[in-house]
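Descriptive structure summary
Here is what each chain is made of, one letter per residue.
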Amino acid sequence: MMHDDIERVLISEEELRARVQALGKEISADYVGKEPILISVLRGSYIFMADLTRAIDCYCTVDFMAVSSYGSGTVSSGQVNIIKDLSDSIEGKDVIVVEDILDSGNTLHYLFQLLDARHPASIRLATLLDKPSRRTKPVQANYVGFTVPDAFVVGYGLDYDERYRNLPYIGVLKPCVYEHP
Ligand code: PRP
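Read on for a plain summary of the structure.

Thresholds, definitions, all that
- Residues numbered from 1 in each chain as written.
- Predicted model: local features only at pLDDT ≥ 70, side-chain atom pairs only at ≥ 80, totals over all residues.
- Heavy atoms only, no water.
- Buried < 20%, exposed > 50% of the residue type's maximum accessible area, 1.4 Å probe, protein only.
- Helix = DSSP H or I, 4+ residues; strand = E, 2+ residues; numbered from the N terminus.
- Contact = heavy atoms within 4.5 Å.
- Pairing = 2+ DSSP bridges.
- Axes fitted to C-alpha atoms, helices over the stretch in contact; angles between N-to-C directions.
- Near = heavy atom within 4 Å.
- Polar contact = N/O pair within 3.5 Å; in protein donor to acceptor, adjacent residues only side chain to side chain.
- Areas by Shrake-Rupley, 256 points an atom, 1.4 Å probe, with all protein chains shown as cover.
- Salt bridge = Lys/Arg side-chain N within 4 Å of Asp/Glu carboxyl O.
- Core = buried A, V, L, I, M, F, W, Y, C linked by side-chain atoms within 4.5 Å.
- Right-handed = clockwise from strand over helix to strand, strands pointing away.

Among all positions in helix α2 (residues 46–54), only Ile47, Phe48, Met49, Leu52 and Thr53 are buried. As for α2, its buried residues are in contact with α1 (13–30), β2 (37–42), β3 (61–68), β5 (94–102) and β6 (122–130).

Further remarks concern the sheet that holds strand β1 (residues 6–11). Across the sheet, which stays open at both edges, the three strands sit in the order β1-β9-β8 with antiparallel pairing between neighbours. Among the strands making up the open sheet, the edge pair consists of β1 and β8 (153–154). Where β1 lies against strand β9 (residues 170–173), four bridges are found, and the strand directions are antiparallel. Bridging across to β9, Ile6 finds its partner in Leu173.

So, about helix α3 (residues 106–116). Within α3, the full set of buried residues consists of Asn106, Thr107, Leu108, Leu111, Phe112 and Leu115. Against β2, β3, β4 (81–84), β5 and β6 lie the buried residues of α3.

Spatially, the six strands line up as an open sheet ordered β4-β3-β2-β5-β6-β7, and their pairing is mixed. Each having just a single partner strand, β4 and β7 (143–147) make up the two edges of the open sheet. With strand direction ignored, the average angle separating the axes of adjacent strands in the sheet is 25°. Pairing of β5 with β6 involves eight bridges; the strand directions are parallel.

Bridge count for β8 against β9 is two bridges, and the pairing is antiparallel. What sits directly across from Val153, in β9, is Val172.

Looking now at the site of the ligand. Surveying the vicinity of the ligand reveals 15 residues, the closest of which are Glu99, Asp100, Ser104, Gly105 and Thr107. Between the ligand and Asp103, the relevant distance is 2.9 Å, taken from an oxygen atom to a main-chain nitrogen or oxygen of the residue. For the ligand, an oxygen atom lies 2.7 Å from a polar atom in the backbone of Gly105. Here the ligand loses 94% of its free accessible area of 500 Å² to cover by the protein chains. Residue assignment for the shell around the ligand shows that the elements contributing at least two residues are β5 and α3.

This part takes up the pattern of salt bridges. Taken as a whole, this structure holds ten salt bridges when the rule is applied. With a shortest N-O distance of 3.7 Å, Asp30 and Arg124 are connected by a salt bridge. Of the two residues, Asp30 is situated in helix α1 and Arg124 in strand β6; the sequence distance between them amounts to 94 residues. The class for Asp30 is partly exposed, based on a relative accessible area of 38%. Residues Arg165 and Glu162 are paired through a salt bridge, measuring 2.7 Å at the closest nitrogen-oxygen approach. The network of salt bridges with common partners includes Arg43, Asp159, Glu162 and Arg165.

The subject of this paragraph is the nonpolar core. Core analysis: the biggest nonpolar cluster contains 28 residues, and Phe48, Leu52, Leu128, Leu129, Tyr156 and Ile170 have the highest contact counts within it. Listing elements by their share of this core, those giving two or more residues are α1, α2, β5, β6, β7 and β9. For Ile170, the contacting residues outside a window of four places in its chain are Val9, Leu10, Ile11, Leu16, Leu128, Leu129, Val153, Val154, Gly155, Tyr156 and Leu158. In this structure, Val67, Ile90, Phe112 and Val139 belong to the second largest nonpolar core, which totals 18 residues.

Judged from the six bridges that link them, β2 and β3 form a sheet pairing that is parallel. Opposite Ile37, over in β3, you have Thr61 as the bridge partner. With α2 bridging β2 and its parallel neighbour β3, the resulting β-α-β unit is right-handed. Sheet topology note: the β3/β4 ladder contains three bridges and is antiparallel. Bridging across to β4, Val67 finds its partner in Ile82.

Printed below as a string of structure tokens:
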């Protein structure tokens, strides 16, 4: 069973729900009178994006971008590939980039440079998880769900080798799963 690969639950379904609701309220208050475009960085952010957008009660639009930097390993390769670009222009728009995890900062550092060049009115970052201990690039999130320790976390969109995204909580993966695949 999938759950047997989990060492411990780090963030429960209830904690996730409460925190995402609070982030939605905060964003709604910050963007009164505006109409932000939320950009989900696939694939990891799809569940957070779905829950966060439903917790926002001002007008907003959504778009999707797919990038990959990890391959099937557990350490970032440093190479960012754009797999799917945005469908619409962000020029003059208030952009909120939605991520599942901010780790080394490599992906977001690259992405922010790319999006900045398209001249949005503003650009902010909402990340469900922040692992500041691993940061190698100067990236800071405006909205953070949870600050997490340097453990291998999966679930609620986050994967290991494309598995575990469908776990309804954030769990720490048993080392034996990635040490002896
Ligand atoms: C994860 C996550 C971020 C990135 C963060 O994506 O969604 O995009 O890694 O790591 P960094 O701060 O070290 O750059 P991943 O490449 O695992 O793809 P996925 O979203 O499809 O799971």
